[in-house]
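An overview of the molecular structure
Chain by chain, the residues:
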Amino acid sequence: MSARITRDDVIHVATLARLALDDERIETFTGQLAAILEHAQDVEALDLADVPPTSHPYPLVNVLRPDVATATLSNEQALAAAPQAESGRFRVPTILGEAP
Amino acid sequence: MSAAAAGSADTALRIAAAVRAGERSAVDVLEAHLARIDATEADVHAFNLVTVDAARAAAAAVDQRVAAGEDPGPLAGVPIALKDNLCTRGVATTCSSKILEGWIPPYDATVVQRVWAAGAVPVGKTNLDEFAMGSSTENSAFGVTRNPRNLTKVSGGSSGGSAAAVAAGFSAISLGSDTGGSIRQPAALCGVVGVKPTYGMVSRYGLIAFASSLDQIGPFATTVADAALLLEAIAGHDPADATSIPQPAPKLVEHLDDGVAGLRVGIVTELMGDGIHPDVLARVRDAADALAAAGATVEEVSVPAITYGLSAYYLIAPAEASSNLARFDGVRFGLRVDAGTTNEMMVASRTAGFGDEVKRRIMLGTYALSAGYYDAFYGQAQKVRTLICRDFDAAYECFDVLLSPTSPTTAFDIGAIADPLTMYLNDICTIPTNLAGHPAMSIPFGTGSDGLPVGVQVLAPALGEVAMFRAAAALEAAAPTKEA
């Protein structure tokens, strides 16, 4: 059985998920996630060493299509909903800390 | 009993037959539905957007085709509502989330293309729990959808808007999506028919993903026959969805009168006890008796592993959601909140754009997939999924369909359930089906002592839709009248 989820775990996971949580939410989420994971302990406790996992309900494998180019979105359509675009590309703020 | 807004719309089968025969105009049919929207939508709030002008143009086009001697298709002139997580070209699609507010998709979902091709008339985009995460439509960023049968009650969720639209007579039929019960539970609470088809029977192309191995699109309708008609129109292989089953749509409508003589029906023992309201249990027993009276053999059957369904689901679905929702990063579409660096912009955009339930599930999923916990949570849940499939397989060796409640209770008060885990328990009867990839549907069958509708669930093995619809049709024929 794994240890109960802590406040530090919640802060770490928020960073991974690119979410900024205020102190109140960190507190609330820690309690709520702990309760949900506690409920999941029935699953955690099962001995399933010999049971294969099911990742997908329908046994389809290697779904391929002919390697032929077909119509797709134009550059203009693809950029139409972009918060910022420039020269036919998505524009984002600087990737590293300081602007060049 | 507070004011209700339940409508009395005509069925899709009758509308399509009359429009195709030139006996009724699609424009008149539409105006009757728009009049009901005008009258009560302000109370119900089934829609995020009503596309009045586009609907009028579509209805007029259907009438022109009939006048020109063409057949517009099996859904000719039938008003349909679309859950707002289905992409509609040129029409805003929000998932009831601030992060997608104002987004205009550049393409139609396959199901949207198919209902257009069948002659249907889309009237608008329906409200949902944000990104389909919820069981009451209270998690929408744009306000709750009220139950047309009693406006103080929830409509269920996540497809609450699609269920309410049909219950209120705003559209004859609608489309929703079901990841853990999001079609069947609101159908039960609003007193309409709701179907979750076999995983892969209906293309997911253009459905904004929540949990990809569980999501499936399906119909809402006031009758079993209308649900069959709509499912026939949207089902069938689609090369644009790699998980689409390479088979044509099943023939369902022609089997609705086949009856249930000799059909083997199993009542699921594990879903007939703790946590289920006595009124709901009584209606399921009544439904079983009705099937037996119609010639089916009815027995109890145990499907032991489904008791682990809820736990497995609330590890698998959030894990898949945390991955799927990583695409909302403020770069290519949707909300961007400006900040110094790209990483800071992503954090600011996601923090401002997602509501608390979505954040909670992203957090839960990220945790379940993170280093050191993957095997204990996600890996273990995937193995439980195997156990559930095996136990269902064993049950279906002896039974053609299974019977259970759809939801543990009738519609509850808006605001009554604040605790997330308590809300999740609403899905206890519907989740096992999604984990197995099977079909299941909810049929209204009488009411509780509160006068609110009770839904009975018919479950079937993968691609067992014909037997499922036969049982549903028999239940519909035997159901106590809706408006007692």
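Quick look at the structure, then.

What the rule picks out here adds up to 21 salt bridges over all chains. Here E27(A) ties to R7(A) by a salt bridge, and the two come within 2.8 Å at their closest N and O atoms. A residue pair is termed long-range when its members are at least 10 positions apart, and E27(A) in helix α2 (residues 23-39) and R7(A) in helix α1 (residues 7-16) qualify at 20 residues. Between D356(B) and R25(A) there is a salt bridge; the shortest N-O distance is 2.5 Å. Of the two residues, D356(B) sits in helix α11 (residues 356-369) while R25(A) sits in helix α2, which places them in two different chains. Overall, D356(B) belongs to the partly exposed group, its relative accessible area being 32%.

Residue and element names in this part refer to chain B. Read across the open sheet, the 11 strands follow the order β1-β3-β2-β6-β8-β7-β12-β13-β11-β9-β10; overall the sheet is mixed. Strands at the two margins of the open sheet, each flanked by one partner only, are β1 (47-50) and β10 (297-301). With strand direction ignored, the average angle separating the axes of adjacent strands in the sheet is 30°. In the sheet, strand β2 (residues 79-83) pairs with strand β3 (residues 121-126) via five bridges, with the strands oriented parallel. Following the sheet pairing, I80 is matched in β3 by P122.

Next up on the list: the side chain of S213(B). All names here are of chain B. If you trace the backbone, S213 turns up in the loop between β7 (193-196) and β8 (216-221). The class of S213 is buried, set by a relative accessible area of 4%. A polar contact is formed between the side chain of S213 and the side chain of E320, at a distance of 2.7 Å.

In this section: the interface of chain B and chain A. Residue-level contacts link 61 residues of chain B with 51 residues of chain A. Interface area for chain B against chain A, summed over the two sides, is near 5,000 Å², with a carbon-plus-sulfur share of 70%. Per-residue buried area on chain B facing chain A is highest for M363(B), Y367(B) and K383(B); these three make up 13% of the total on that side. One can count one salt bridge joining chain B with chain A. The interface formed by chain B and chain A includes 20 residue pairs in polar contact (both at pLDDT 80 or more). For the side of chain B that touches chain A, the elements supplying multiple residues, two or more each, are α9 (309-324), α10 (342-353), α11, α12 (375-398), α13 (420-424) and α14 (431-436) of chain B. The greatest single-element share of the side of chain B that touches chain A, amounting to 11 residues, is contributed by α12(B).

Let us now look at helix α15 (residues 465-478) of chain B. Residue and element names in this part refer to chain B. Across its 14 residues, α15 extends 20 Å between first and last C-alpha, which sits within 8% of the 20 Å expected from 1.5 Å per residue. When you tally the buried positions in α15, you get 10 out of 14 residues, the bulk of the element. Buried within α15 are the following residues: E465, A467, M468, F469, R470, A471, A472, A473, A474 and L475. In this structure, the buried side of α15 is in contact with β7, α7 (224-234), α8 (278-293), β11 (401-405), β12 (440-447) and β13 (453-459).

All names here are of chain B. With 165 residues, the main nonpolar core has L75, F131, L175, L402, L403, M441 and F469 as its most contacted residues. The element that contributes the greatest number of residues to this core is α12, accounting for 10 residues. Leave out the neighbours within four places in its chain, and L402 touches G266, V268, V301, V303, F392, A395, Y396, Q457, V458 and L459. If you look at the next biggest cluster of nonpolar residues, it comprises eight residues, including A163, V166, A167 and V192.

Cut-offs and rules
Residue positions are given per chain, counted from 1 along the sequence in the order it is written. Whichever chain is written first is A, and whichever ligand is written first is 1; the rest continue in order. Local features are withheld for residues below a pLDDT of 70 in this predicted model, meaning they are given only at 70 or higher, and side-chain atom pairs are given and counted only at 80 or more; totals for whole chains, interfaces and linings count all residues. The side-chain quantities take in all heavy atoms of the structure and omit both hydrogens and water. By definition here, a salt bridge exists when the distance from a side-chain nitrogen of Lys or Arg to a carboxyl oxygen of Asp or Glu is within 4 Å. The secondary structure listing takes helices from DSSP runs of H or I that are at least 4 residues long and strands from runs of E that are at least 2 residues long, numbered from the N terminus. Burial classes: relative accessible area under 20% of the type maximum marks a residue as buried, over 50% as exposed, and values in between as partly exposed (1.4 Å probe, protein chains only). Strands are labelled as partners when DSSP assigns at least two bridges between them. Think of each axis as a best-fit line through the C-alpha atoms, taken over the contacting stretch in the case of a helix, with angles from 0 to 180 degrees between the N-to-C directions. Two N or O atoms count as a polar contact when they lie within 3.5 Å, although within protein this holds only if one can serve as hydrogen donor and the other as acceptor, and sequence-adjacent residues are included solely when both atoms are side-chain atoms. Contacts were defined at the residue level, with two residues in contact if any of their heavy atoms lie within 4.5 Å. Note: buried area is the sum, over both parts, of the accessible area (probe 1.4 Å) each one loses when the two are combined. One less than the number of residues in a helix, times 1.5 Å, gives the span that helix is expected to have. As used here, the term nonpolar core means buried Ala, Val, Leu, Ile, Met, Phe, Trp, Tyr and Cys residues forming a set that is joined through side-chain atoms within 4.5 Å.

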